[in-house]
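Per-entry structural report
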Amino acid sequence: MSEKRVSKATLNKSFWRWFYGNLTCFTQEHMQTFGYMWSMLPIIQELYPTVEEQAEKLHTYYPFFNTEPQIGSIVVGITAGLEESRANGNAEIDDEMINGIRAGLMGPLAGIGDSLIVGTYIPILLGIALGLCDGGSPLGIFFYIIVWNATSIWFQKTIYNRGYALGGNAVEVIVGDRATALRESAVLLGQVIVGAMAASWVNITTSFNVAGVTLQDKLDGAFPGVLTMLFVLLCWWLMSKKKMSAVKVMLLMIVIAFVGVLLGFFDPGLSYGEDLNI
Amino acid sequence: MTISWVQAALLGVMSVLAASTIAALGTTVGNYTLNRPLIASLFVGLIMGDVKGCIQVAIPMQIIYIALVTPGGTVAADLRAVSYIGIPLAYATCKSQGLELDSEAASGIAGALGAFVGTVGTVQFYGTAMANLIWQHIGWAELDKNNFKILTSVETWMPVISHIAISFIPVMLINRYGSQAVYTFREALPMDSWYMKALFTVGSLLPAVGMGILLNSVVTKPTDLIYFVFGFAIAKSMGLTLIAATAIGAVFALINFQMKLNSLGTKAGGAAAADDEEDI
């Protein structure tokens, strides 16, 4: 009996189904489960000839699945590799083992994906794009569309194939010491960048003054932009230490804005333009 | 200026393609490309006939939502509403009030309006996730009968029905009728009134929330904040651009990585060095 192999075309199909459909039919109940099953279906159909077998193997992927879906493509790749191994009679691989790996990787991968891809990489690209768009030029938008999609698709495809090739061995690569060191260092870079972004894009000033001395000048004399920095830190503190949701923090900022204006602490000093072109 | 039915319908279609994590064009292309206000402004600009103006309006909105992380499928604000309701209405408002689009007043209006319509997006996000339960229910029932083809339907055209009801129609109606209401702003909402001042202040405070969300995703212990303060100081006090600050941060990240590797090496007796090319 010759060894069964998943064809390149089928792996491709599985990857693009995940790429497109990971969150298409998202619900709070099963989250990414349907996207996962849709992606595994071509592989299962190629490896197992009878409908009964296919139904049985698809059952493996019924349980709940949710992670940061872009980095999560590695998990789909891993299970594609495991499924191939199982079809060739590897008795160690059963439903329990596959779902153990899936459940074990969901959390760590969501953490990496949220902080590095969504929390650091995308804001950096958007930051560069914002700079290029200064004055209303679409240059930055083209930059973002091309660079983000090209690098992201390349990355997802690469880790999918890597996951497929490594199978169960991929787990150590993802949660091992080296990967942890790399991740922590990248997060450190993220911390510096968030500071620079806050300084560049948030601008909170006060109009408060006593006897001709403006508070804003005094504050900036001590540490330029310190009021802005304190507000960012306040928002962070409320969310991380006080466990407030982002929506609640937004509502609190609205309250602070209203109270601050009434007390004379904030005054944007804006006016409508004179030339009405209705 | 008002938004015609055709323009409003096109904005509705864009909101479906760009809907947040349940995007009709998938996560990477839909949610993380078309959904971002800055990118959306190009398409809104093409629909409204003023690309430059819409980009200018969108820049302050993008800054507020620069870091929208949605941990575990919980969203603070789905940007489809900010992008495809907020930008066109802010643009129409600025035009009808005779504001220069790159003025501080225009930024204030854009920021404040974006913050308010963001909540519409949150409702749309959870609404779509609820409606999708119907399609998944059909999917489970058919899977019991070994009808695997149902997965393709559940993953492709069925959720689009949710989107038509929850994204397309509301976005179209709000744009159409909202753009007719903006003319009354100037009389109803004078800029030197305390409530308009408060609204603009909201627009300047909300970016701090976005940065707070971002900070929360990269900070695990209080000492990490020192790197944040460092980044803030080099950009504000020393005037470095974001890219220059990234280069300096990368030096520290690299040093940190080398130090971690060294300590791994001593612990594992050089075992880590053996698989040097193993990266993710």
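From a predicted model like this one, the values you see are computed outputs, not experimental measurements.

The rules behind these values
Residues numbered from 1 in each chain as written. Chains lettered and ligands numbered in written order. Predicted model: local features only at pLDDT ≥ 70, side-chain atom pairs only at ≥ 80, totals over all residues. Heavy atoms only, no water. Helix = DSSP H or I, 4+ residues; strand = E, 2+ residues; numbered from the N terminus. Rg over C-alpha atoms; globule rule 2.2 N^0.38 Å. Buried < 20%, exposed > 50% of the residue type's maximum accessible area, 1.4 Å probe, protein only. Patch = residues over 30% accessible without salt bridge, like charges linked within 9 Å, V, L, I, M, F, W, Y side chains within 5 Å. Areas by Shrake-Rupley, 256 points an atom, 1.4 Å probe, with all protein chains shown as cover. Salt bridge = Lys/Arg side-chain N within 4 Å of Asp/Glu carboxyl O. Domains from an automatic or database assignment. Axes fitted to C-alpha atoms, helices over the stretch in contact; angles between N-to-C directions. Parallel < 35°, antiparallel > 145°, perpendicular 65-115°, else oblique. Left-handed = near helix turned anticlockwise from the far one by under 90°. Contact = heavy atoms within 4.5 Å. Nonpolar A, V, L, I, M, F, W, Y, C, P; charged D, E, K, R; others polar. Lys, Arg positive; Asp, Glu negative; His and termini not counted. Expected span 1.5 Å × (residues − 1).

**Considering the overall build of chain A**
Within chain A, the secondary structure is distributed over eleven helices and two strands. When the helices and strands of chain A are listed from N to C terminus, the series reads α-α-α-α-α-α-α-α-β-β-α-α-α. Relative to the globule expectation of 19 Å for 278 residues, the C-alpha radius of gyration of chain A, 25 Å, shows a markedly less compact shape. Overall, the C-alpha framework of chain A stretches about 90 × 45 × 35 Å when taken along its three principal axes. Counting every position in chain A, which comprises 278 residues, the buried fraction comes to 54%.

**Structural notes on a nonpolar patch on the surface**
Residue and element names in this part refer to chain B. On the surface, Trp 5, Val 160, Ile 164, Ile 169, Leu 173 and Tyr 177 cluster together into a nonpolar patch covering about 520 Å² of accessible area. Residue contributions to the nonpolar patch peak at five residues, all from helix α8 (residues 157–181). Its place among the elements puts Val 160 in helix α8.

**A few points about the domain arrangement of chain A**
Parsing chain A into structural domains produces domain 1 (8–192) and domain 2 (202–262). Each of domain 1 of chain A and domain 2 of chain A was reduced to a C-alpha centroid, and the two centroids are 39 Å apart.

**A few points about the packing of helix α10 (residues 226–240) of chain A against helix α11 (residues 225–236) of chain B**
Axis separation between α10(A) and α11(B) bottoms out at 11 Å; the angle between their running directions is 150°. Between α10(A) and α11(B), the angle falls in the class roughly antiparallel. The chirality of how α10(A) crosses α11(B) is right-handed. Taking contact as the criterion, the partners of Thr228(A), Met229(A), Val232(A), Leu233(A) and Trp236(A) in α10(A) are, on α11(B), Leu225(B), Phe228(B), Val229(B) and Phe232(B). Residues of the contact of α10(A) with α11(B), tallied by class, amount to eight nonpolar, one polar and no charged.

**Side note on the packing of helix α8 (residues 177–201) of chain A against α11(B)**
Where α8(A) contacts α11(B), the axes come no closer than 7 Å and their chain directions differ by 45°. Between α8(A) and α11(B), the angle falls in the class oblique. Taken as a pair, α8(A) and α11(B) cross one another with a handedness that is right-handed. Side by side, α8(A) and α11(B) meet where Leu188(A), Gln191(A), Val192(A), Val194(A), Gly195(A), Ala196(A), Ala198(A), Ala199(A) and Ser200(A) of the first sit next to Tyr227(B), Phe228(B), Phe230(B), Gly231(B), Phe232(B), Ile234(B), Ala235(B) and Lys236(B) of the second. Per-class residue counts for the contact of α8(A) with α11(B) are twelve nonpolar, four polar and one charged.

**Looking at unusual backbone geometry**
Phi angles above zero are rare outside glycine, and Lys243(A) is one such case at about 55°. Topologically, Lys243(A) is positioned in the loop between α10 and α11 (246–262). Phi at Asn146(B) takes a positive value of approximately 60°, unusual for a residue other than glycine. Exposure remark for Asn146(B): the relative accessible area of 31% places this residue in the partly exposed category.

**A word on the side chain of Asp50(B)**
Residues and elements named next belong to chain B. Locating Asp 50 in the fold gives a position in the loop between α3 (37–48) and α4 (51–64). Buried and without a salt bridge, Asp 50 has Lys 95 as its closest oppositely charged side chain, separated by 4.4 Å. Ignoring sequence-local partners within four residues, the contact set of Asp 50 consists of Gly 45, Tyr 91, Lys 95 and Leu 101.

**Some remarks on helix α4 (residues 73–87) of chain A**
Residues and elements named next belong to chain A. With 15 residues, α4 ought to run about 21 Å at 1.5 Å a step, and its terminal C-alpha atoms sit 21 Å apart, in line with that. The buried fraction of α4 amounts to 14 of the 15 residues, a majority that puts the element mostly inside the structure. Just beyond α4, the residue with positive phi is Gly 89, at close to 90°.

**Some details on the environment of Gly72(A)**
Residue and element names in this part refer to chain A. Within the secondary structure, Gly 72 is located in the loop between α3 (51–59) and α4. Assessed through its relative accessible area of 0%, Gly 72 is described here as buried. Each residue touching Gly 72, except ones within four places of it in the same chain, is listed here: Trp 18 and Thr 67.

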